[in-house]
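Examination of the molecular architecture
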Amino acid sequence: MKVIVGIPSYNNAETIEYVVKQAAEGLKKYFNGGLIINSDGGSNDGTRDIVMKTPVPDGVEVRSTVYKWPIPGKGSAMKEVLEIARDEGADAVVFVDSDLRSITPEWVYKFAKPIEEGYHFVAPLYLRHKYDGTITNNIAYPMTASLYGYNVRQPIGGDFGISADLIDTYLCNEEVWKTDVARFGVDIFLTTTAIAEGFKVIQTALGVKIHDPKDPAASLGAMFNQVVGTLFMLMQKYEEKWKNTKTLKEVPVFGEMEIREPEHVRVTLELLEKKSEELFAQNKKLLEKALSKETLEKVKTALKSFDLDDVLWSHILFDGAIAYKNGILKNAEPLIPLYFAKTADFVKKTKDMTTAEAEKLVLKRAEIFLEEKDYLLERW
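Residues numbered from 1 in each chain as written. Predicted model: local features only at pLDDT ≥ 70, side-chain atom pairs only at ≥ 80, totals over all residues. Heavy atoms only, no water.

**Describing the packing of aromatic side chains**
For the structure on display, the rule yields 12 aromatic pairs. Following the ring pairs from residue to residue traces out a cluster consisting of Y30, Y109 and F254. Over the ring of Y141 we find R153; its NZ or CZ atom is 4.9 Å from the centre of that ring. The side chain of R379 reaches across the aromatic face of Y375, ending 3.6 Å from its centre. (Phe/Tyr/Trp six-rings, centres within 6.5 Å; stacked < 30°, edge-to-face > 60°. Lys NZ or Arg CZ within 6 Å of the ring centre and 35° of its normal.)

**A closer look at the UniProt feature "domain: Glycosyltransferase 2-like" (unreviewed entry) in the protein**
In this numbering, the UniProt entry assigns the feature "domain: Glycosyltransferase 2-like" (unreviewed entry) to residues 5-136. A distance of 24 Å separates the end C-alpha atoms of residues 5-136, which is 40% helix and 23% strand. (UniProt positions renumbered as here; feature names shortened; annotations may be inferred. Helix = DSSP H or I, 4+ residues; strand = E, 2+ residues; numbered from the N terminus.)

**Regarding the nonpolar core**
F121, M143, Y170 and M235 are the most contacted members of the largest nonpolar core, which has 93 residues in total. For this core, the two domains that each supply at least three residues are domain 1 (1-252) and domain 2 (267-376). Core analysis: the second largest hydrophobic core is formed by 30 residues, V19, L27, A92 and Y126 among them. (Core = buried A, V, L, I, M, F, W, Y, C linked by side-chain atoms within 4.5 Å. Buried < 20%, exposed > 50% of the residue type's maximum accessible area, 1.4 Å probe, protein only. Domains from an automatic or database assignment.)

**Concerning the packing of helix 3 (residues 74-88) against helix 7 (residues 186-196)**
In contact at an axis separation of 9 Å, helix 3 and helix 7 are set at 50° when each is read in the N-to-C sense. Here helix 3 lies oblique to helix 7, going by the angle between them. Contacts from K74, G75 and M78 in helix 3 reach V186, D187 and L190 in helix 7. Considering only residue class, the contact of helix 3 with helix 7 consists of 3 nonpolar, 1 polar and 2 charged. (Axes fitted to C-alpha atoms, helices over the stretch in contact; angles between N-to-C directions. Parallel < 35°, antiparallel > 145°, perpendicular 65-115°, else oblique. Contact = heavy atoms within 4.5 Å. Nonpolar A, V, L, I, M, F, W, Y, C, P; charged D, E, K, R; others polar.)

**Section: the pairing of strand 7 (residues 201-208)**
Taken across its 8 residues, strand 7 has 8 buried, putting it largely inside the fold. Two elements, strand 7 and strand 8 (residues 253-254), share 2 bridges in a ladder whose sense is parallel. Of the residues in strand 8, the one forming a bridge with T204 is F254. (Pairing = 2+ DSSP bridges.)

**Digging into the side chain of K74**
Mapped onto the secondary structure, K74 falls in helix 3. At a separation of 3.0 Å, a polar atom in the side chain of K74 contacts the side chain of D187. (Polar contact = N/O pair within 3.5 Å; in protein donor to acceptor, adjacent residues only side chain to side chain.)

**Observations concerning the domain arrangement of the protein**
Domain annotation of the protein identifies domain 1 (1-252) and domain 2 (267-376). The gap between the C-alpha centroids of domain 1 and domain 2 is 27 Å. With 34 residues of domain 1 at the contact, the number on the domain 2 side is 39 residues. Looking only at domain 1, the three residues that lose the most surface to domain 2 are K130, Y131 and N138, adding up to 20% of its buried area. We note a salt bridge from R153 to E359, for which the minimum N-O separation is 2.8 Å. Seen at the junction of domain 1 and domain 2, the total is 17 residue pairs in polar contact (both at pLDDT 80 or more). Among the secondary structure elements, those contributing two or more residues to the side of domain 1 that touches domain 2 are helix 5 (134-148) and helix 8 (223-237). (Buried area = accessible area lost by both parts, 1.4 Å probe. Salt bridge = Lys/Arg side-chain N within 4 Å of Asp/Glu carboxyl O.)

**Observations regarding unusual backbone geometry**
Backbone geometry places N32, a non-glycine residue, at a positive phi of 60°. With respect to the helices and strands, the residue N32 is situated in the loop between helix 1 (16-31) and strand 2 (34-40). Given a relative accessible area of 64%, N32 falls into the exposed group. With phi around 55°, F306 is a residue other than glycine that occupies positive phi space. Checked against the element boundaries, F306 lands in the loop between helix 11 (293-305) and helix 12 (310-325). Residue class for F306 comes out buried when judged on its relative accessible area of 6%.

**Observations concerning the packing of helix 5 against helix 12**
The relative placement of two packed helices comes down to the angle between their axes together with the axis-to-axis distance. In the contact formed by helix 5 and helix 12, the axes pass within 11 Å of each other and the chain directions differ by 80°. Looking at the two axes, helix 5 sits roughly perpendicular to helix 12. Residue-level inspection shows N138, I139 and M143 of helix 5 in contact with helix 12, the latter providing W313, L317 and F318. Partitioned by chemical class, the residues of the contact of helix 5 with helix 12 number 5 nonpolar, 1 polar and no charged.

**A short note on the environment of R63**
For R63, the position within the fold is in strand 3 (residues 60-66). Accessibility expressed as a relative area gives 28% for R63, which makes it partly exposed. Along the primary structure R63 and S39 are separated by 24 residues, whereas in three dimensions their C-alpha atoms are 8.5 Å apart. When residues no more than four places from it in sequence are discounted, the contact partners of R63 are L35, I36, I37, N38, M52, I84 and E88. Separated by 2.8 Å, the side chains of R63 and E61 make a polar contact.

**Some points on the pairing of strand 5 (residues 121-127)**
The buried count for strand 5 comes to 7 of 7 residues, which makes it a mostly enclosed element. Bridge count between strand 5 and strand 6 (residues 160-163): 2 bridges; the pairing is antiparallel. Following the sheet pairing, F121 is matched in strand 6 by I162. With 7 bridges joining them, strand 5 and strand 7 adopt parallel strand pairing. Bridge assignment links F121 to a residue of strand 7, and that residue is V201.

Printed below as a string of structure tokens:
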């Protein structure tokens with residue numbers, strides 16, 4: 001089986017050597033070698049030099065390339081790897097993030113082996129701290145699960161296994177790579193496309209994820225816009241796929257999950273609440289057009305105490321998707337204050353919970369979104 005490991009990077013000099021070493025050992029141990037492709041966004045901190053100087057076992061080839069696609073971003077880096085993999089005749093591509101501190105050689109096996117067994121798309125299943133991955137927990141997971149009926153817990157996890165059959169599906173539409181899919185929208189694009197196009201999907205148990213997490217209040221940047229905007233765009237493309245989905249299908253898991261408490265992720269509640277109030281005031285006029293009257297009134301009440309339940313949250317996102325479809329919202333940015341409010345609500349409700357206890361609330365959220373789907377269907 002010919003396996004290629006793709007590592008997108010941009011200024012990851014501090015962490016990438018470890019990732020390359022682990023990936024190389026995994027390729028040698030489980031697949032008798034293979035190819036590692038570092039697709040870089042023009043780093044100026046020596047990332048590519050470190051990649052090429054990292055010692056690897058015999059039978060493992062390492063390449064580092066600066067991708068040529070005009071839109072800078074993670075998606076463009078991954079597209080380059082997929083194109084090389086297609087040209088090289090790879091059976092499987094394994095993508096891993098360049099800031100991982102928990103990757104082991106076994107990760108390569110855990111992403112590639114299910115493809116050898118007939119699966120097309122392998123999503124990661126990690127244990128993450130309750131405040132790590134708030135866009136996943138609040139938006140990407142409950143929306144993907146309730147829309148398409150597949151209970152994939154980490155649809156934007158960043159690390160994936162992809163079969164040769166699926167590569168052609170991703171690359172066949174050149175136009176989609178000119179959107180936010182070229183940036184941070186790529187992960188939700190990969191997952192949604194695999195599910196909606198009917199490919200065989202599995203999750204792989206990876207244990208605790210240790211990487212460079214961000215305080216959701218301190219740094220959000222363009223990621224929210226790109227992920228949520230891509231999710232909304234794909235809702236239009238695949239509306240015939242999700243409209244009739246009424247049940248949540250459990251997705252199989254490859255391997256056993258090792259259970260332990262993840263590293264703590266810091267979150268600043270006061271900053272979440274402050275930013276939510278400030279940004280709501282700035283975006284109020286747009287939100288008055290985007291949200292239904294009933295939802296807007298409930299939002300105003302919720303912002304007084306930051307008690308924002310999952311039913312209301314589902315209606316906010318459903319209204320947002322409809323406003324995006326109708327051109328009222330040009331991008332997802334006006335929803336950021338409400339995302340901050342929802343994250344604040346989650347932090348308050350889970351402050352005394354373990355990660356495992358908080359996880360039950362996140363899983364329940366997907367079920368609530370599914371129960372509220374008629375709200376979306378009536379207005380769509």
